[in-house]
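Fold and geometry: a report
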2 protein chains.
Amino acid sequence: MSSEQKSADGPRAGARPPGRPPRLELATIVGAARHILETEGPAGLSMRRLAKEVGSTPMALYRHVRDKDELMLLAVDGLAATVPRPELPADPRERVHVTALHMHDVLWEMPWVVDIISLGELTDRHALWMVEEIVDSAMACGLGESDAVHAYRSIWHFVLGTLVFRSAMARRARQPDRPRYFMEMLREADPAEMPRLAALSDRWPEVLDGYDVARELRAVVDGLLDRRPAR
Amino acid sequence: MSSEQKSADGPRAGARPPGRPPRLELATIVGAARHILETEGPAGLSMRRLAKEVGSTPMALYRHVRDKDELMLLAVDGLAATVPRPELPADPRERVHVTALHMHDVLWEMPWVVDIISLGELTDRHALWMVEEIVDSAMACGLGESDAVHAYRSIWHFVLGTLVFRSAMARRARQPDRPRYFMEMLREADPAEMPRLAALSDRWPEVLDGYDVARELRAVVDGLLDRRPAR
DNA sequence: ACCTGAACACCGTTCAAGT
DNA sequence: ACCTGAACACCGTTCAAGT
């Protein structure tokens, strides 16, 4: 999907279309939506709020987008093209590592994109090169076609989970008056029943603070690339 | 967090409390909420709908729960106690595998729980044994304390990502009139630029269909357990 | 102490009418 | 062809009043 396809549905340029001329453009709407998403997150985006932003009425938007879902997909679409591709090393295993980490790092900077992607589908063709790169390099590492595709998907699951978890933590942190159930549970852990957690409870935040996504991703990718072939 | 804590805030049993006797009980509210969540998912749960379900008004609920967020956490709380623990093998690596897969399998059957957890925090103390088990067994496999905790977290990221992705796919599938952007993009992939994806495009659904979470989880866990220690 | 009703400040979307 | 206004069917939550 790309924005051009959408506007290409209109009358040919140069023709004199009948009826009222458009005052609102899809690009304006999507741009304003993106701006709201970037500054206030998905919670801040409503059709009514967006209409105000572009100086129009909620219903005018529905001339240009099917519904809010489509609008959010359009807001995400095209973003990958704005991010420069990383330099890839020669070694195929390293290529998988770098590409997977790139996938993570780019989305890490755009939390609102994660919130939208996590309820939909990949729609940006400029992001496809990462799928190709990981599948191709995984095969160069000796994986069969299916295993390479599955490795790609597992890497995506890990990256998505990492980002969704971070998102959830950030959400909780924004409500500081609420109890920290997990920490409380750790503190109350019975050392006889849960010796490791009881011993760890004091240092839990520090230990988690030392979590290094790049290092974890490396271990996960290695596991996926080193497995024995299926059957 | 557990339901008893909450109800223990009330007057002592045996005392004759002044004022109007309660007609609504927290357990009733949480039970009804759970029922709605199980049958209709998080989208079906609203305070107004829930009030109707228990034969009361929306505002009566706020005597018993702080807000909708707390209600949803209470609905999730206690679920782990209803699931029997799996038999664990003796070998520590196998223990990690079995526990991690158990974590996945249990939540796989409760998609609505994933939707709630993915915007909050683990709150059920009866689920803590899985954290303990994975950390302890990972250490028995030779990992240091920090690495074991990080391995646990990475396993959780992978499981969460797997479930969130499935949730997103299911959501898309429920709207069959909407375009399948990803498949379209694959079909249009330029073989010169993306040879792997172009070659795969026809068989993509079948290949994904062969995705086996248990096998992927095994590879991911092995990668995390086999890595070199930090520093 | 507990519950109710009315109200506030919102939602996404449909429909009929205007330009 | 495009935009507007009013309306429908909802939200979560606060506040003041009732029992």
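What you are looking at is a predicted structure, and each value in this text was computed from that prediction instead of being measured.

1. Let's talk about the confidence of the model for chain A
Interpretation of this model should avoid reading the predicted coordinates in detail wherever pLDDT is low. Residues with a pLDDT of 70 or more make up 90% of chain A, whose mean pLDDT is 89. Mean pLDDT across the elements of chain A ranges from a minimum in helix α1 (residues 3-7) of chain A, with 40, to a maximum in helix α13 (residues 213-225) of chain A, with 98.

2. Structural notes on the packing of helix α6 (residues 92-108) of chain A against helix α9 (residues 145-173) of chain A
Residues and elements named next belong to chain A. For the pair α6 and α9, the least separation of the axes is 10 Å and the interaxial angle reads 30 degrees. Taken together, the axes of α6 and α9 are roughly parallel relative to one another. The hand of the α6/α9 crossing is right-handed. Packed against α6, whose contacting residues are Val 96, Ala 100, Met 103, His 104, Leu 107 and Trp 108, the element α9 presents Tyr 152, Ile 155, Trp 156, Val 159, Thr 162, Leu 163 and Arg 166 at the interface. Counted by class, the contact of α6 with α9 contains 10 nonpolar, two polar and one charged residues.

3. Let's talk about the domain arrangement of chain A
All names here are of chain A. Along its sequence, chain A is organised into domain 1 (21-76) and domain 2 (84-226). On a C-alpha basis, the centroid separation for the pair domain 1 and domain 2 is 31 Å. Facing eight residues of domain 1, the contacting portion of domain 2 comprises eight residues. In total, about 770 Å² of surface goes out of reach between domain 1 and domain 2, with carbon and sulfur atoms giving 81% of it. Sorting the residues of domain 1 by area buried against domain 2 places Pro 42, Leu 73 and Val 76 first, and these three jointly supply 61% of that buried surface.

4. Concerning the relation of the copies chain B and chain A
For the pair chain B and chain A, the superposition axis carries a translation of 0.0 Å, the fit reaches an RMSD of 0.0 Å, and the rotation angle comes to 180 degrees. As the rotation angle and translation indicate, the two copies are arranged about a two-fold axis. Residue by residue, 99% of the interface of chain B is reproduced at the interface of chain A, so both copies engage with the same surface.

About the cut-offs
- Residues numbered from 1 in each chain as written.
- Chains lettered and ligands numbered in written order.
- Predicted model: local features only at pLDDT ≥ 70, side-chain atom pairs only at ≥ 80, totals over all residues.
- Heavy atoms only, no water.
- pLDDT = per-residue confidence, 0-100.
- Helix = DSSP H or I, 4+ residues; strand = E, 2+ residues; numbered from the N terminus.
- Axes fitted to C-alpha atoms, helices over the stretch in contact; angles between N-to-C directions.
- Parallel < 35°, antiparallel > 145°, perpendicular 65-115°, else oblique.
- Left-handed = near helix turned anticlockwise from the far one by under 90°.
- Contact = heavy atoms within 4.5 Å.
- Nonpolar A, V, L, I, M, F, W, Y, C, P; charged D, E, K, R; others polar.
- Domains from an automatic or database assignment.
- Buried area = accessible area lost by both parts, 1.4 Å probe.
- Least-squares fit on C-alpha atoms with pLDDT ≥ 70 in both.

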